[in-house]
Amino acid sequence: MSYWRFAAMIATSTVVMFGLMYLNTYLVTHVFWSETRVYMALLMGATMAIIMLSFMLSMYSNKAINAAIFVGAAVAFAGSLWLVRSQVTVADTSYMRAMIPHHSIAVMTSNRANISDPRVRKLADEIIFAQDKEIAEMRYLINSIEASGKAVMSEEQPTATIVSLDQALSTAHVEVLDPGFLSPQDIAALFPNGQSCSFTYTTDSAPVLAIGDVAGQTAGLVKLSGDLVRLDVASATELSVDGLTIRIGPPTGEDDATLAPVGTEPSEADMHLELDEGLTAGYRGFYACRS
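What counts and what doesn't
- Residues numbered from 1 in each chain as written.
- Predicted model: local features only at pLDDT ≥ 70, side-chain atom pairs only at ≥ 80, totals over all residues.
- Heavy atoms only, no water.
- Pairing = 2+ DSSP bridges.
- Helix = DSSP H or I, 4+ residues; strand = E, 2+ residues; numbered from the N terminus.
- Axes fitted to C-alpha atoms, helices over the stretch in contact; angles between N-to-C directions.
- Contact = heavy atoms within 4.5 Å.
- Phe/Tyr/Trp six-rings, centres within 6.5 Å; stacked < 30°, edge-to-face > 60°.
- Lys NZ or Arg CZ within 6 Å of the ring centre and 35° of its normal.
- Expected span 1.5 Å × (residues − 1).
- Buried < 20%, exposed > 50% of the residue type's maximum accessible area, 1.4 Å probe, protein only.
- Parallel < 35°, antiparallel > 145°, perpendicular 65-115°, else oblique.
- Nonpolar A, V, L, I, M, F, W, Y, C, P; charged D, E, K, R; others polar.
- UniProt positions renumbered as here; feature names shortened; annotations may be inferred.
- Left-handed = near helix turned anticlockwise from the far one by under 90°.

Asker: Whenever I open this one, the sheet that holds strand S7 (residues 267–275) confuses me. Can you help?
Answerer: Adjacent strands of a sheet pair through backbone hydrogen bonds, lying either parallel or antiparallel. The strand order around the closed barrel built from 8 strands is S1-S2-S3-S4-S5-S6-S7-S8, with neighbouring strands paired in antiparallel fashion. Across the sheet, the mean angle separating the axes of adjacent strands is 30° when strand polarity is ignored. Bridging between strand S1 (residues 197–200) and strand S2 (residues 207–214) involves 4 bridges; their strand directions are antiparallel. Its bridge partner lying in S2, Thr200 is registered against Pro207. Seen against the sheet, helix H5 (residues 118–148) touches S7 and strand S8 (280–289) and runs at an angle of roughly 105° to S8.

The structure is reproduced here in structure tokens:
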């Protein structure tokens, strides 16, 4: 057997292993190019080269080439391991592209595991919401950075003060104002006939924003900190209530993109939240309106 054939086997196996690492992602939309997974595939390819050649030495008699393969594979193993462990080449967007498939694994196992204990089910549901939300936020930030560049943060950090427990629990922060999943009962509380439009973090998740008719008027509904909040609809893409504005629009950086027409499959869209205090958050998910 020729050494070229051996090289082709290792190269093919490395590429296949890279692809196999995406098979446990929950949705196709969660598949992103990941530098970390490239390094892991190279790590496994180098390991395979050493193991396969060790078992096949009787078929490859050139000691100099064998030594070169062993040394080269060891160097590739060490280099790939260092890149995986150090993350030295992983920056803002490449970090998020690696994290999205990683989060997707947690969503899949939390959705499909055979869970019977209600405490574990509650924990799994919380993980699903957290990972779905963070995936939507990362998808939004990837496109925001690629379209507009990195945000510039103020060097001034807010000074924490000692307050009462009631004041601490009532303080508004974006971190605790994440839109929560709306259950059918939540939606029915404002829209007895169901919503007409909705925004979801993924094509498979419950809505986090619902829009529908209430007594002949169009309104919106979100769940913040466990409470339902009704929104007034200022336009087809903007909803607001005192202190908060939510905008729905085509994906950032995609000038030719449009929101899904009524009665079509959900289309990618961005949801941007802005508090009057100046705090903002954005998520990339899916928007759909029924006919």
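Text resumes after the structure shown.
Asker: Help me understand the packing of aromatic side chains in this model?
Answerer: For any pair of aromatic rings, the description rests on two quantities: the centre-to-centre distance and the angle between the ring planes. The final tally for this structure, using the stated rule, is 8 aromatic pairs. Members of the aromatic cluster, joined through ring pairs, are Phe129, Phe181, Tyr201 and Tyr283. One Lys or Arg, Arg37, reaches over the ring of Tyr22 and ends 5.3 Å from the middle of that ring.

Asker: I keep staring at helix H2 (residues 35–55) and nothing clicks. Help me out?
Answerer: Because each turn of an α-helix spans 3.6 residues, side chains separated by three or four positions end up pointing in the same direction. The end-to-end C-alpha distance of H2, which contains 21 residues, comes to 31 Å, matching closely the 30 Å that a straight helix rising 1.5 Å per residue would cover. Listed in full, the buried residues belonging to H2 are Thr36, Arg37, Val38, Tyr39, Ala41, Leu43, Gly45, Ala46, Ala49 and Leu53. Those residues of H2 hidden inside the fold are in contact with helix H1 (3–20), helix H3 (63–86) and helix H4 (92–112).

Asker: Is there a simple way to explain the packing of H2 against H4 in this structure?
Answerer: Packed helices, taken two at a time, are described by their axes: the angle between them and the distance between them. Packing of H2 against H4 leaves a shortest axis separation of 7 Å and a crossing angle of 75°. It follows that H2 is roughly perpendicular to H4 by the angle criterion. Across the interface between the two elements, Glu35, Thr36 and Arg37 of H2 pack against Ser94, Ala98, Pro101, His102 and Ile105 of H4. Of the residues that constitute the contact of H2 with H4, the class distribution is 3 nonpolar, 3 polar and 2 charged.

Asker: Where do I start with the UniProt feature "transmembrane region" (unreviewed entry) in the chain in this structure?
Answerer: When the UniProt feature table is mapped onto this chain numbering, "transmembrane region" (unreviewed entry) sits at residues 6–27, 39–58 and 64–84. For residues 64–84, the helix share is 100%, the strand share is 0%, and the end-to-end C-alpha distance is 30 Å.

Asker: Please explain the packing of H2 against H3 as it appears in this structure.
Answerer: At a minimum axis separation of 8 Å, H2 and H3 run at an interaxial angle of 155°. It follows from the interaxial angle that H2 and H3 lie roughly antiparallel. Between H2 and H3 the crossing geometry is left-handed. Counting all contacts with H2, which are made through Thr36, Tyr39, Met40, Leu42, Leu43, Ala46, Thr47, Ala49, Ile50, Leu53 and Ser54, the residues of H3 involved are Asn66, Ile69, Phe70, Ala73, Ala74, Ala76, Phe77, Ser80, Leu81, Leu83 and Val84. Looking at the contact of H2 with H3 residue by residue, the classes come out as 17 nonpolar, 5 polar and no charged.

Asker: I tried to follow the environment of Met108 on my own but got confused; where do I start?
Answerer: When you line up the elements, Met108 lands in helix H4. Among all residues touching Met108, those that are not within four sequence positions of it are Asn24, Thr25 and Tyr26.

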